[in-house]
Amino acid sequence: MKRWLPFVGIGMLAALAGISLWLAGRHATPIAPQPGPVDATPAAIQSAQFVDGDGKPRTLAMFSGKVLVVNFWATWCTPCREEMPGFVKLQSRWQDRGVQFVGLAQDDPAKVAAFSRELGINYPLWLGEAEVMALSRRLGNRLGVLPHTVLLDGQGRVIESRIGVYSESVLDSRLAAITGK
Amino acid sequence: MTRITSILATACLACATAAAAPPPADEPLDPDKAFHPEARLVAGDPVANGNTERHGIDIDYRIAPGYYLYRSRLRFEVSPPTLLIGAPDLPPGIEVNDPFIGKSAIFRERVTIHLPFVVSIAKPGRYKVKIIAQGCAEDRLCYSPFPQEVVVNIPPGYRVNDAPAPSVPRGIPR
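Residues numbered from 1 in each chain as written. Chains lettered and ligands numbered in written order. Predicted model: local features only at pLDDT ≥ 70, side-chain atom pairs only at ≥ 80, totals over all residues. Heavy atoms only, no water.

## Concerning the overall build of chain B
Stage number 1. A count of helical and extended segments in chain B gives 2 helices and 9 strands.
Stage number 2. Counting from the amino terminus, helix and strand elements in chain B follow one another as α-α-β-β-β-β-β-β-β-β-β.
Stage number 3. Counting across all 174 residues of chain B, residues that qualify as buried make up 41%.
Stage number 4. A separation of at least 24 residues holds for 72% of the contacts in chain B among residues at least 6 apart in sequence.
Stage number 5. Total accessible area on chain B stands at roughly 9,400 Å², and carbon and sulfur atoms take up 57% of it. (Helix = DSSP H or I, 4+ residues; strand = E, 2+ residues; numbered from the N terminus. Buried < 20%, exposed > 50% of the residue type's maximum accessible area, 1.4 Å probe, protein only. Contact = heavy atoms within 4.5 Å. Areas by Shrake-Rupley, 256 points an atom, 1.4 Å probe, with all protein chains shown as cover.)

Written as structure tokens, this is what we have:
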């Protein structure tokens, strides 16, 4: 009986777990928010105006006090759509622990509604015009790329700004670290 | 026991190294580097199915590896508008089938888009071609519509046969 065999197995599993963690996060590129601009103050972020699927005006201030995951996306952006099922799961998992997801897009309302239905999106998908990408840029998205995800604390302050696909497992860990839950 | 310790230490090291790996060094490129356009005055290029000649502006795009442009999202505008151009002659590109938006065409690597002059002899001068483009880095991220600008000079006394024929292939299917 080779007694060392189980340990080799454990070692390989541990290595695989580590590699999986790395792979899960490899597409996302954290970026630093651009410092300074007045429009990116918490008050400006929370008061920026968007509309919901029914055309009603909305602002992020309605979620004041919660950790916000603000995701800039578009229906034509394949990587954006690939990460959103993970956000749906995380919204369910974290909704009772003070976390709220919001999607922001400059897009065709009909396409957004169809996409929301098809994927069963369980968080608000709001729309805007050029101000959507303008806000994204002010929050550090220098290149104007999608997806762009920003984590805000309960007062609307930027905790993190990240471009690229945000994997479910990495974001889950991040939310746990931020909320301490 | 030493062997077991060694195995566990190796496993832990592999795990920690992988988990703590820094973000990839391949930061996304600036749009102008990912999708680099150049303008070229062109004339005297025989059209494949006739005896007439092409004259206008060729926009040569060099697209970085792993990046692609959406064919249907390209827009062109020339200023000053005294130089009239017709509908852009876009190569068919590579057809892709998106599960949500359906079939679309993309350009990779290199592509030349022809902007035909509406009049056969263009007025000399310096013209700007403003481009609105949209594209993605494969599986990573997409660029929201971004503006680009290229310049083409039409020299005094320019005639349609003065410019060299284009040398760049029109779209490379993959």
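## Brief notes about the state of the cysteines
All names here are of chain A.
Stage number 1. Summed over the entire model, instances satisfying the criterion amount to 2 disulfides over all chains.
Stage number 2. Residue pairing for Cys77: its cysteine sulfur links by disulfide to Cys80, the two sulfurs lying 2.2 Å apart. Between Cys77 and Cys80, the disulfide has an S-S torsion of 80 degrees and is therefore right-handed. Taken individually, Cys77 and Cys80 each receive the classification buried, so the pair is uniform in this respect. (Disulfide = S-S within 2.5 Å.)

## Some details on helix H5 (residues 130-138) of chain A
Stage number 1. The set of residues buried in H5(A) consists of A:Val132, A:Met133, A:Leu135 and A:Ser136. When H5(A) is viewed along its axis, its buried side chains cluster within an angular range of 155 degrees and face the same direction. (Arc of directions from axis to C-beta.)

## Some thoughts on the nonpolar core
Residue and element names in this part refer to chain A.
Stage number 1. Ranked by internal contacts, the top residues of the largest apolar core, which has 51 residues, are Phe72, Phe101, Leu104 and Leu171.
Stage number 2. Among the elements that take part in this core, helix H3 (residues 78-94) stands out by supplying 6 residues, more than any other.
Stage number 3. The contacts of Phe72, once residues within four sequence positions are left out, are Leu104, Val132, Leu135, Ser136, Leu139, Leu146, Pro147, His148 and Val150. (Core = buried A, V, L, I, M, F, W, Y, C linked by side-chain atoms within 4.5 Å.)

## Some details on the confidence of the model for chain B
Parts of the prediction with low pLDDT should not have their coordinates interpreted in detail.
Residues and elements named next belong to chain B.
Stage number 1. In this model, chain B carries an average pLDDT of 78, and 68% of its residues clear a pLDDT of 70 or more.
Stage number 2. For the stretch residues 11-25, pLDDT sits under 50, and the model shows 15 contacts to residues farther than four places along the chain or on other chains.
Stage number 3. Of the regions scoring below 50 in pLDDT, residues 162-174 engages in 35 contacts with residues more than four places distant in sequence or in other chains. (pLDDT = per-residue confidence, 0-100.)

## With respect to the packing of H3(A) against helix H6 (residues 168-179) of chain A
All names here are of chain A.
Stage number 1. At a minimum axis separation of 10 Å, H3 and H6 run at an interaxial angle of 30 degrees. Relative to H6, the element H3 lies roughly parallel. Remark: the crossing between H3 and H6 carries right-handed chirality. The segment H3 lies against H6, with Gly86, Phe87, Lys89, Leu90, Arg93 and Trp94 engaging Glu168, Leu171, Asp172, Leu175, Ala176 and Thr179. (Axes fitted to C-alpha atoms, helices over the stretch in contact; angles between N-to-C directions. Parallel < 35°, antiparallel > 145°, perpendicular 65-115°, else oblique. Left-handed = near helix turned anticlockwise from the far one by under 90°.)

## A few points about the environment of A:Ile163
Residue and element names in this part refer to chain A.
Stage number 1. The topology assignment puts Ile163 in strand E9 (residues 158-163).
Stage number 2. Relative accessible area serves as the criterion here: at 3%, Ile163 is assigned to the buried category.
Stage number 3. Sequence separation between Ile163 and His148 is 15 residues, and the spatial gap between their C-alpha atoms is 4.3 Å.

## Digging into the pattern of salt bridges
All names here are of chain A.
Stage number 1. Tallied over the full model, the rule gives 13 salt bridges over all chains.
Stage number 2. Arg93 is paired through a salt bridge with Glu168; the nearest N and O atoms lie 2.9 Å apart. Here Arg93 is found in helix H3, whereas its partner Glu168 is found in helix H6, with 75 residues between them in sequence.
Stage number 3. Owing to a relative accessible area of 36%, Arg93 belongs among the partly exposed residues under this scheme.
Stage number 4. Arg162 is paired through a salt bridge with Glu160; the nearest N and O atoms lie 2.9 Å apart. Comparing Arg162 with Glu160 shows no difference in burial state: the two are buried. (Salt bridge = Lys/Arg side-chain N within 4 Å of Asp/Glu carboxyl O.)

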